[in-house]
Every structure is written in structure tokens, then in C-alpha cells.
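# Examination of the molecular architecture
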Amino acid sequence: MEGYFVHESSYIDNGASIGEGTKIWHFCHIQDGAIIGKNCSLGQNVNISNNVHIGNGVKIQNNVSVYEGAELGDYVFCGPSVVFTNDISPRAKYPKGRAGYRKTILRTGATVGANATIVCGHELGEWCMVAAGAVVTKDVPAHALVAGVPAKQAGWVCECGQVLDQDLHCHICKRVYKMEGSSIRQEVNGRDV
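What counts, and where the lines are drawn
- Residues numbered from 1 in each chain as written.
- Predicted model: local features only at pLDDT ≥ 70, side-chain atom pairs only at ≥ 80, totals over all residues.
- Heavy atoms only, no water.
- Helix = DSSP H or I, 4+ residues; strand = E, 2+ residues; numbered from the N terminus.
- Rg over C-alpha atoms; globule rule 2.2 N^0.38 Å.
- Buried < 20%, exposed > 50% of the residue type's maximum accessible area, 1.4 Å probe, protein only.
- Areas by Shrake-Rupley, 256 points an atom, 1.4 Å probe, with all protein chains shown as cover.
- Pairing = 2+ DSSP bridges.
- Core = buried A, V, L, I, M, F, W, Y, C linked by side-chain atoms within 4.5 Å.
- Contact = heavy atoms within 4.5 Å.
- Salt bridge = Lys/Arg side-chain N within 4 Å of Asp/Glu carboxyl O.
- Phe/Tyr/Trp six-rings, centres within 6.5 Å; stacked < 30°, edge-to-face > 60°.
- Polar contact = N/O pair within 3.5 Å; in protein donor to acceptor, adjacent residues only side chain to side chain.

## Some words on the overall build of the protein
Of regular secondary structure, the protein possesses 0 helices and 25 strands. Taking 16 Å as the expected radius of gyration for a compact globule of 193 residues, we find that the protein reaches 17 Å, a close match to that expectation. Here the C-alpha coordinates of the protein stretch approximately 50 × 40 × 25 Å along the principal axes. Looking at the protein as a whole, 40% of its 193 residues qualify as buried. Within the structure as shown, the protein displays about 10100 Å² of accessible surface, and the carbon and sulfur contribution to it stands at 48%.

Here it is in C-alpha cells:
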């Protein structure tokens, strides 16, 4: 194995691709066709299903299964025991296979807290934050903070992860945002980034 680390208790199927600097810890399974980017960290008991694409710098904590149909962009964070789904109407007696899977996309920097559930067929926008235990049943805008069951927007978060004040300012890293329709955009020196 060149350029990445896999614990001896983990299993990597032929046909999986793993980027340089990635670390795969105890009892993981990376299935055929999975693509994992550079400098990722997969905690204990992580399963990456067939044909899942994971970007660079992604951190997936213990006990997470990322099922086929999911795509994780760069710097996505999945807390312990996050749940992904890929079939909106599963039946053991009537399996649909991949033809029935719905795509779920997590954009750059999205964070999903511990024990949250992401119902398939939705997109989580760049740098959004899903609170621990939330159940996402619709798209989440970029930089939105969502919480609850079902998840509802509770505010806005900065790229650094801090909740923005009512003026859309971050008191930690000093970024400034402005409303643009129903979303926000970062400003630098009075200009949109």
C-alpha cells in the first residue's frame, strides 16, 4: 500500500481507490468502485459502499456507513454514527437495487453532527452544519445551520464553523456575509467572494 494507511483489521476491495495521506482505521470496509480522496480520515467501523465518491480532506468518525448514491465533497465532516440512506421506499421483499437509489450530495465543507440522519435525494450546501441528532428531509442551503426532527433552519454558520450574529458577522475569524435572496454570500472588502 503506497501513500496511505490501512489498519490490518480493515478490508479494501479490489477496484477501490484511496488517495495519498488517507488513514483508514479499525474494522473498516471500502467496497469496489469507491473513490476516496487525499488526506482523509475514516474512524473505526466505517463502511464505504460501491461507487461512492469522497473528496479530499474528509473526516468520517466511527460507525458511519456511506451508501451507494452518496457523494461527499472536499472537507466534509461526518460525526459518529451519522446515518445515510439511498432508497426512499425500501422493501425487503421488493428490492430495487441501484436503479432505485437516490443521489445525496454533500458539498465542500458540509458538517453533519453525531447521530444525524440524511434522508436520500437531498443536497447539503457548502459549509452548512447539521446539528447532532437532526433528520434532514430536504435540501440544506449553503452556510445554513439546521437542527431538529425534521431539520429546520436555526441560523447561519461561517466557513470556520461559528454561528453568525444577526448582522451575519463572525466574531471568531471576522468574516462578513450578506443576504442574497434566500442564501448568504461572503464579502471581502465590500465585494462578494
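## Some words on the sheet that holds strand E9 (residues 53–54)
Pairing is parallel in the open sheet, where 6 strands are placed in the order E3-E6-E9-E12-E15-E18. Of all the strands in the sheet, the pair left with one neighbour each is strand E3 (17–18) and strand E18 (123–124). Looking at chain direction, strand E15 (residues 104–106) and E18 are connected through 2 bridges and run parallel. Residue Ile105 lies in a different strand from E18, and its bridge partner there is Glu123.

## What about the nonpolar core?
Grouped together as the largest cluster of nonpolar side chains are 44 residues, with contacts concentrated most on Ile48, Ile60, Leu72 and Leu124. Elements with a contribution of two residues or more to this core: strand E12 (70–72) and strand E21 (144–147). Residues contacting Leu72, with those up to four places away along its chain left out, are His53, Ile54, Gly55, Val58, Ile60, Val66, Cys78, Phe84 and Leu106.

## Details of the pattern of salt bridges
Using the criterion set out here, one finds 6 salt bridges in the structure. Note that Glu159 and Arg175 form a salt bridge whose closest N and O atoms lie 3.7 Å from each other. Highlighted residues: Glu159 in the loop between strand E22 (152–156) and strand E23 (176–180) and Arg175 in the loop between E22 and E23, separated in sequence by 16 residues. Overall, Glu159 belongs to the partly exposed group, its relative accessible area being 29%.

## Considering the pairing of E22
Judged from the 4 bridges that link them, E21 and E22 form a sheet pairing that is antiparallel. Following the sheet pairing, Val146 is matched in E22 by Gln153. Between E21 and E22, which pair antiparallel one after the other, the connecting turn spans 4 residues, and Gly148 there sits at a positive phi close to 100 degrees.

## Some points on the sheet that holds strand E13 (residues 77–78)
The strand order across the open sheet formed by 9 strands is E1-E4-E7-E10-E13-E16-E19-E21-E22, and the pairing between neighbours is mixed. Lying at the two open borders of the sheet, with one neighbouring strand each, are strand E1 (5–6) and E22.

## Topic: the side chain of His122
One can find His122 in the loop between strand E17 (117–118) and E18. Those residues in contact with His122, other than ones at most four positions away along the chain, are Lys103, Thr104, Ile105, Val136, Thr137, Lys138 and Asp139.

## A few points about the packing of aromatic side chains
Taken as a whole and assessed by the stated rule, the structure comprises 1 aromatic pair. Aromatic side chains Phe5 and Trp25 sit 4.9 Å apart centroid to centroid with 50 degrees between the ring planes, which places their arrangement in the tilted category. Linking Phe5 in strand E1 with Trp25 in the loop between strand E4 (23–24) and strand E5 (29–30), this pair joins segments that are 20 residues apart in sequence.

## Let's talk about the side chain of Asp87
By the element assignment, Asp87 lies in the loop between strand E14 (83–84) and E15. Note on Asp87: relative accessible area 16%, which makes it buried. Reaching out from Asp87, the side chain makes a polar contact with the side chain of Lys96 at a distance of 3.1 Å. Residue contacts for Asp87: discarding those within four places in its chain leaves Lys96, Gly100 and Cys120.

## Thoughts on unusual backbone geometry
With an omega of -10 degrees, the peptide bond running from Val149 to Pro150 counts as cis. Mapping Pro150 onto the fold places it in the loop between E21 and E22. In this structure, Asn39 takes a positive phi of about 55 degrees despite not being glycine. With respect to the secondary-structure elements, Asn39 resides in the loop between strand E6 (35–36) and strand E7 (41–42). In this model, His143 sits at a positive phi of 70 degrees, which is unusual for a non-glycine residue. Tracing the sequence through the fold places His143 in the loop between strand E20 (135–136) and E21.

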